[in-house]
Amino acid sequence: MDSEEIMLTVRITVAQRALLRRLAQGHRSDLSEVVSDGLLDILPTLHGQARAYLLLAALTEPAPCALTVWLPGPLADLLQPAANAVAGATGVRLGSGSAMLGAALRLWLDQDPQLLAAHLDLMHAGRSSAAPLVAA
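Rules of the game
- Residues numbered from 1 in each chain as written.
- Predicted model: local features only at pLDDT ≥ 70, side-chain atom pairs only at ≥ 80, totals over all residues.
- Heavy atoms only, no water.
- Helix = DSSP H or I, 4+ residues; strand = E, 2+ residues; numbered from the N terminus.
- Contact = heavy atoms within 4.5 Å.
- Expected span 1.5 Å × (residues − 1).
- Buried < 20%, exposed > 50% of the residue type's maximum accessible area, 1.4 Å probe, protein only.
- Arc of directions from axis to C-beta.
- Core = buried A, V, L, I, M, F, W, Y, C linked by side-chain atoms within 4.5 Å.
- Pairing = 2+ DSSP bridges.
- Polar contact = N/O pair within 3.5 Å; in protein donor to acceptor, adjacent residues only side chain to side chain.
- Axes fitted to C-alpha atoms, helices over the stretch in contact; angles between N-to-C directions.
- Parallel < 35°, antiparallel > 145°, perpendicular 65-115°, else oblique.
- Nonpolar A, V, L, I, M, F, W, Y, C, P; charged D, E, K, R; others polar.

The next subject is the side chain of Arg-106. Positionally, Arg-106 belongs in helix α6 (residues 97-109). Apart from residues lying up to four places away in sequence, Arg-106 is in contact with Arg-11, Ile-12, Thr-13, Gln-16, Ala-58, Leu-59, Glu-61, Pro-62 and Ala-63.

Following this line, the structure appears as structure tokens:
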């Protein structure tokens, strides 16, 4: 553990956890790294009222699995301003960085798995080649 990392716990579904594990395995990384990459992929797209409501909708589905991840401090620091932007667009406060992380992660994981794998490939271009994502 790096001292500049922040530990957060989020709730996700069983299917989302399985997808996250496949993505991590396919890219030879750990869950925290894939979650960080997912945030870097999804946070820039969360502008506007429609996207903010999609993010809130991602929190309404029951999520039985708790997942603890480590995020780089600067990335974790982006969660509160993102939550503030959601509150400004919707009037709903998420309450914590973990809630914002959970909503963003769930929204990211609800995309096509092949698209997610392609985005991770692009983010990791230059690293050792990733194994193809195993079909669900």
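Still more ground to cover, so stick around.
Next up on the list: helix α1 (residues 14-26). Counted at 1.5 Å a residue, the expected span for α1 with its 13 residues is 18 Å, and the 18 Å between its end C-alpha atoms agrees. Along α1, the positions that sit buried rather than exposed are Gln-16, Leu-19, Leu-20, Leu-23, Ala-24 and Gly-26. Taken around the axis of α1, the buried residues stretch over an arc of 165°, which confines them to a single face. In this fold, the buried residues of α1 make contact with β1 (5-12), α2 (31-42), β2 (65-72), α6 and α7 (113-123). Just beyond α1, the residue with positive phi is Arg-28, at close to 50°.

Our focus in this paragraph is the nonpolar core. By size, the foremost hydrophobic cluster in this structure holds 40 residues, and its most contacted members are Leu-23, Leu-39, Leu-55, Leu-71, Met-100, Leu-101 and Trp-108. The element contributing the most residues to this core is α6, with nine residues.

Another point: the pairing of β2. The alternating pattern of β2 places Cys-65, Leu-67, Val-69 and Leu-71 on a buried face, while none of Ala-66, Thr-68, Trp-70 and Pro-72, on the opposite face, is buried. Bridge count for β1 against β2 is eight bridges, and the pairing is antiparallel. Paired with Ile-12 across the strands is Cys-65, a residue of β2.

What follows covers α7. Along α7, the residues classified as buried are Leu-116, Ala-117 and Leu-120. Take α7 and look down its axis: the buried residues cluster within an arc of 100°, on one side only. Sitting at the amino-terminal end of α7 is Asp-112, which places a side-chain oxygen 3.0 Å from the backbone nitrogen of Gln-114.

Packing of helix α3 (residues 49-58) against helix α5 (residues 79-90) brings their axes to within 9 Å, and their N-to-C directions diverge by 110°. By the angle class used here, α3 and α5 are roughly perpendicular. Counted together, Gln-49, Ala-52, Tyr-53, Leu-55 and Leu-56 of α3 and Val-86, Ala-89 and Thr-90 of α5 form the full contact between these two elements. Here the residues of the contact of α3 with α5 sort into six nonpolar, two polar and no charged.

In this structure, Trp-108 sits in helix α6. With a relative accessible area of 1%, Trp-108 lands in the buried category. Sequence separation between Trp-108 and Leu-55 is 53 residues; the distance between their C-alpha atoms is 9.4 Å. Here Trp-108 is in contact with Leu-20, Leu-23, Val-34, Gly-38, Asp-41, Ile-42, Leu-116 and Leu-120, once residues within four sequence places are set aside.

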